[in-house]
Amino acid sequence: MTVRVRKAVFPVAGLGTRFLPATKVVAKEMLPIVDRPLIQYAVDEAIEAGCDTLIFVTNRYKHAVADYFDKAYELEHKLEAAGKTELLELVRHVVPANVRTIFVTQPEALGLGHAVLCARPVVGDEPFAVILPDDLLWNKQGRGALGQMVDHVASHGGSAIAVENVSADKTGSYGIVDVEHFDDRAGKIRSIVEKPKPEEAPSTLAVVGRYVLDAAIFDCLDKTRPGAGGEIQLTDGIARLMGESVVNAYRFAGRRFDCGSHLGFVEATVRFALENEKLRDSAAAVMQAALDDLRAGAR
Ligand code: G1P
């Protein structure tokens, strides 16, 4: 069975309250990790996985993501006139020429499930990906997480949801799955619950922000009523989908930085600075100096 996942949905309507006051003005998806905004990492992962249609679900106040993918005539003209060809290339090719970007408005903040449902008229009747840009996934050794999941769906069918193990006290921050025949990489989801208390969690396998979903999810979301936090949860739509078709959990190779939290954001910045050839040595030196100061009790 061959499935081509061409479309990726990026829910980007959130207020980013955890990064206030910065997010008073800057969309959280535009916060940079070293030199690239979070949304660029997410989009690159989708493109590497084979997607050529990127659908952003935004709100009527947030224009930054659309502006980022739009043509910047004046800037390009100035860079060209100044002969800054390297920068010009960077600005021109935030996505390759064959990739389309489409913007959909979520009229009311009714939850992640509702945001995904807003993309229905553009996705239509084909399997598609959902990427939450807060979760920055990085696989140094090879294919990105979404690409791994697309490959898994191509060979096993059904839908796939990225998971990783979390400590028992963290279950209240995630969708949590119970999986059967888990071979340490993938297995069929038996149950899924949004943000359960540790004593009620079916396991410690947490949903990470990557999904490859059958289009039947839209009918499921349409029937889903508000759940945890009074919001229409994607997790509840997925629970309904499991009654109709197989949904697998997929433990991706690579690591996750939770860039929706301060610590995860700092961790990603440190890692990507050390991965950057031009920065590596000097970044390591300033980190070392900061640690030395900390140990010496210096201010
Ligand atoms: C969302 C999902 C949750 C998932 C998490 C991953 O929650 O509802 O199931 O585990 O993303 O990042 P949020 O972090 O938006 O509250």
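Each value, and the rule that gives it
Residues numbered from 1 in each chain as written. Predicted model: local features only at pLDDT ≥ 70, side-chain atom pairs only at ≥ 80, totals over all residues. Heavy atoms only, no water. UniProt positions renumbered as here; feature names shortened; annotations may be inferred. Helix = DSSP H or I, 4+ residues; strand = E, 2+ residues; numbered from the N terminus. Phe/Tyr/Trp six-rings, centres within 6.5 Å; stacked < 30°, edge-to-face > 60°. Buried < 20%, exposed > 50% of the residue type's maximum accessible area, 1.4 Å probe, protein only. Lys NZ or Arg CZ within 6 Å of the ring centre and 35° of its normal. Near = heavy atom within 4 Å. Polar contact = N/O pair within 3.5 Å; in protein donor to acceptor, adjacent residues only side chain to side chain. Areas by Shrake-Rupley, 256 points an atom, 1.4 Å probe, with all protein chains shown as cover. Nonpolar A, V, L, I, M, F, W, Y, C, P; charged D, E, K, R; others polar.

1. Things to note about the UniProt feature "domain: Nucleotidyl transferase" (unreviewed entry) in the chain
Residues annotated in UniProt with the feature "domain: Nucleotidyl transferase" (unreviewed entry) correspond here to residues 12-270. As annotated, residues 12-270 has a helix share of 31% and a strand share of 25%, and its two end C-alpha atoms lie 24 Å apart.

2. A word on the packing of aromatic side chains
According to the stated counting rule, one finds ten aromatic pairs in the structure shown. Consider the rings of Phe128 and Phe218, whose centres lie 4.9 Å apart with planes at 5 degrees: the pair is stacked. In this pair, Phe128 is assigned in strand β6 (residues 128-131) and Phe218 in helix α8 (residues 217-223), connecting sequence segments 90 residues apart. This pair shows no difference in class: Phe128 is buried, exactly as Phe218 is. Here the aromatic cluster, defined as three or more aromatic residues joined through ring pairs, consists of Phe10, Phe56, Tyr68, Phe69 and Phe103. Above the ring of Tyr41, the side-chain terminus of Arg36 is found at 4.1 Å from the ring centroid.

3. Some thoughts on the site of the ligand
The environment of the ligand is made up of Leu112, Leu132, Asp135, Tyr174, Gly175, Glu194, Lys195, Val207, Gly209, Tyr211, Gln233 and Thr235. Residue Gly175 places a main-chain N or O atom 3.0 Å away from an oxygen atom belonging to the ligand. At a separation of 3.4 Å, an oxygen atom of the ligand approaches a polar side-chain atom of Thr235. Surface burial for the ligand is 76%, taken as the share of its 380 Å² of free accessible area covered by protein chains. With three residues, the single largest contributor to the shell around the ligand is strand β11 (residues 205-213). Grouping the amino acids of the shell around the ligand by side-chain chemistry returns five nonpolar, four polar and three charged.

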